[in-house]
Amino acid sequence: MPEFENRIDLTALQARMDAVRDEVKKVILGQDRVINMLLVSILAGGHSLIEGLPGVAKTLTAKLIAKAINSDFKRIQFTPDLMPSDVTGSSILDLKTNEFEFRRGPIFGHIVLIDEINRAPAKTQSSLFECMSERQVTVDGHTYPMANPFVVFATQNPIEHEGTYRLPEAQLDRFLFKIDVLYPEFEQELHILREHHGHKATNKEELVHAVVSADEIVHFQHLAKFIFVHEDILKYIAEVVIQTRTNANLTLGASPRASIAILEASKALAALQGRDFVTPEDVKYVAPATLGHRVQLTPEKEMEGFSTDYIIRQIVESVEIPR
């Protein structure tokens, strides 16, 4: 039987992204899916919202992925008193020229980590709308383009925690993924303890080195756009999204932007695995993280303790897989 050959050469892409994964896993244990989803997010050129309880390495994981990429990394700590200009930048009067000069804020970076995004109020949240969706910032009538690549990783504590603000639906829709970080299992917890004790005084973050450049990431993002998608896969994605709008357990279904998000994420996942075509398994893998934050449960289902992730998985399983 002849060996299948890719129509697109993805050898370098797969090797470099595997190297990034290996660097991060030197420090982060038991979070393979989280790491994988963040790498898919980068390849797809989308932003990720990482939610979990304090202490599960949300911030550290995002930070180490950024460190493994030789790029302009920025971190913003969101607090209740943070102003929009603290994020985007502002115009400052230059006394030498007597003219206003725009000083760029920390949002201008290749990979931007926004820590505890739901600690800031709505006014500051709104400063992210334009830059995340249109990849530009408008200040005093002037528009400034974002860097390329430009990816936002945002962490948040569960909304039940004190001092948090619920993100509006319009902002949630700007995120390609919402990734839930869970507590590790017993064996993983034990492994973490052993590794931590074994390194003793070593700064574990120093173990991670840059293994791919920002220019390479831009090239890989371009390659991922050309991954082949069969017509039946497109119909499969459309059917899954349509089902969210008619499901009796949901009051709010997913928008066409969600369909495009699943498509781009599926292509990026295929590229990450060295394939130049999308399979139904790719769609099933990315659908819960792509749709979970874009739909809303009915009040009855919320009271019964159901999750959007559970309903989305039900929908995905109910739609006939193309053969």
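Residues numbered from 1 in each chain as written. Predicted model: local features only at pLDDT ≥ 70, side-chain atom pairs only at ≥ 80, totals over all residues. Heavy atoms only, no water.

### Overview of the overall build of the protein
Within the protein, the regular secondary structure consists of 14 helices and 13 strands. Its C-alpha atoms give the protein a radius of gyration of 21 Å, within 12% of the compact-globule value 20 Å for 323 residues. Taken over the C-alpha atoms alone, the protein extends approximately 70 × 45 × 45 Å along its principal axes. In the protein, which comprises 323 residues, the share counted as buried stands at 48%. In the protein, once contacts between residues fewer than 6 apart in sequence are set aside, the share between residues at least 24 apart is 78%. Of the accessible surface of the protein, which amounts to about 16300 Å², a share of 53% is contributed by carbon and sulfur atoms. Seen as two clouds, the 34 positive and the 45 negative side-chain charges of the protein have centres 1 Å apart. (Helix = DSSP H or I, 4+ residues; strand = E, 2+ residues; numbered from the N terminus. Rg over C-alpha atoms; globule rule 2.2 N^0.38 Å. Buried < 20%, exposed > 50% of the residue type's maximum accessible area, 1.4 Å probe, protein only. Contact = heavy atoms within 4.5 Å. Areas by Shrake-Rupley, 256 points an atom, 1.4 Å probe, with all protein chains shown as cover. Lys, Arg positive; Asp, Glu negative; His and termini not counted. Charge placed at Lys NZ, Arg CZ, Asp CG, Glu CD.)

### So, the layout of surface pockets
Considering only enclosed or pocket space, the largest pocket measures out at about 1300 Å³ in volume. Together, 41 residues line the largest pocket, and Glu51, Lys178, Asp180, Gly292 and Thr308 are the ones closest to its centre. Put simply, the parts of the chain that give the lining of the largest pocket at least two residues each are α2 (32-44), α7 (169-172), β10 (177-180), α12 (280-291), β13 (296-297) and α14 (308-318). Of the residues contributing to the lining of the largest pocket, the split by class is 18 nonpolar, 10 polar and 13 charged. Each pocket or cavity is described by its volume, and for the second largest pocket that value is around 520 Å³. In this structure, the second largest pocket is lined by 25 residues; those nearest its centre are Ala44, Gly45, Gly46, Met132 and Arg135. Counting residues per element, the ones that place at least two in the lining of the second largest pocket are α2, α6 (127-134), α9 (214-225) and α11 (256-272). Along the lines of polarity and charge, the residues of the lining of the second largest pocket split into 11 nonpolar, 7 polar and 7 charged. (1 Å grid on protein atoms, 1.4 Å probe; cavity = no way out; pocket = protein on both sides within 12 Å on 5 of 7 lines; lining within 4 Å. Points joined across faces, edges and corners; volume = space filled by probe spheres on them. Nonpolar A, V, L, I, M, F, W, Y, C, P; charged D, E, K, R; others polar.)

### Quick look at a nonpolar patch on the surface
Taken together, Leu93, Leu95 and Phe100 make up a surface patch of nonpolar side chains, about 370 Å² in accessible area. Of note, Phe100 is situated in strand β5 (residues 99-104). We classify Phe100 as exposed; its relative accessible area is 62%. (Patch = residues over 30% accessible without salt bridge, like charges linked within 9 Å, V, L, I, M, F, W, Y side chains within 5 Å. Salt bridge = Lys/Arg side-chain N within 4 Å of Asp/Glu carboxyl O.)

### What to know about α12
For α12, built from 12 residues, the straight-helix expectation of 16 Å at 1.5 Å per residue is met to within 8% by its first-to-last C-alpha distance of 16 Å. The buried fraction of α12 amounts to 9 of the 12 residues, a majority that puts the element mostly inside the structure. Every buried residue of α12 is accounted for by Pro280, Asp282, Val283, Val286, Ala287, Pro288, Ala289, Thr290 and Leu291. Those residues of α12 that are buried lie in contact with α2, β10, α10 (231-246), α11 and α14. (Expected span 1.5 Å × (residues − 1).)

### What to know about the packing of helix α1 (residues 11-24) against α9
Packed helices, taken two at a time, are described by their axes: the angle between them and the distance between them. Where α1 meets α9, the axes come as close as 10 Å, and the angle between the chain directions of the two elements is 125 degrees. Between α1 and α9, the interaxial angle falls into the category oblique. Regarding α1 and α9, the two cross each other, and that crossing is left-handed. Together, Ala12, Leu13, Arg16 and Met17 of α1 and Glu216, Ile217, Phe220 and Leu223 of α9 make up the contact between the two elements. Partitioning the contact of α1 with α9 into residue classes produces 6 nonpolar, no polar and 2 charged. (Axes fitted to C-alpha atoms, helices over the stretch in contact; angles between N-to-C directions. Parallel < 35°, antiparallel > 145°, perpendicular 65-115°, else oblique. Left-handed = near helix turned anticlockwise from the far one by under 90°.)

### Description of the nonpolar core
Nonpolar side chains tend toward joint burial in soluble globular proteins. Counting residues in each nonpolar core, the largest one holds 72 residues, and the members touching the most others are Leu13, Met17, Ile65, Ile69, Phe153, Phe177 and Leu291. A per-element tally of this core places α11 first, with 10 residues. The residues touching Leu291, leaving out its near neighbours within four places in the chain, are Val240, Val241, Thr244, Ala254, Ala258, Ile262 and Ile312. Membership of the second largest hydrophobic core comes to 25 residues, among which are Leu82, Cys131, Leu167 and Phe175. (Core = buried A, V, L, I, M, F, W, Y, C linked by side-chain atoms within 4.5 Å.)

### Overview of the packing of aromatic side chains
Given two aromatic rings, their pairing is described by the distance between the two centres and the angle made by the two planes. Counting across every chain of the model gives 3 aromatic pairs. Ring geometry for Phe102 and Phe108: centres 6.1 Å apart, planes at 75 degrees, overall edge-to-face. On the basis of relative accessible area, Phe108 is assigned to the buried category, the value being 7%. Judged by centre distance (5.5 Å) and plane angle (50 degrees), the ring pair of Phe306 and Tyr310 falls under tilted. Residue Phe306 is classed as partly exposed on the basis of its relative accessible area of 30%. According to the relative accessible area criterion, Tyr310 is partly exposed, its value standing at 41%. (Phe/Tyr/Trp six-rings, centres within 6.5 Å; stacked < 30°, edge-to-face > 60°.)

### Quick notes on α2
When the terminal C-alpha atoms of α2 are compared, their 18 Å separation across 13 residues agrees well with the 18 Å that a helix rising 1.5 Å per residue should span. Among the 13 residues in α2, 11 count as buried, and that is most of the element. Within α2, the full set of buried residues consists of Val34, Ile35, Asn36, Met37, Leu38, Leu39, Val40, Ser41, Ile42, Leu43 and Ala44. The positive-phi residue at the C-terminal boundary of α2 is Gly45, with phi of around 70 degrees.

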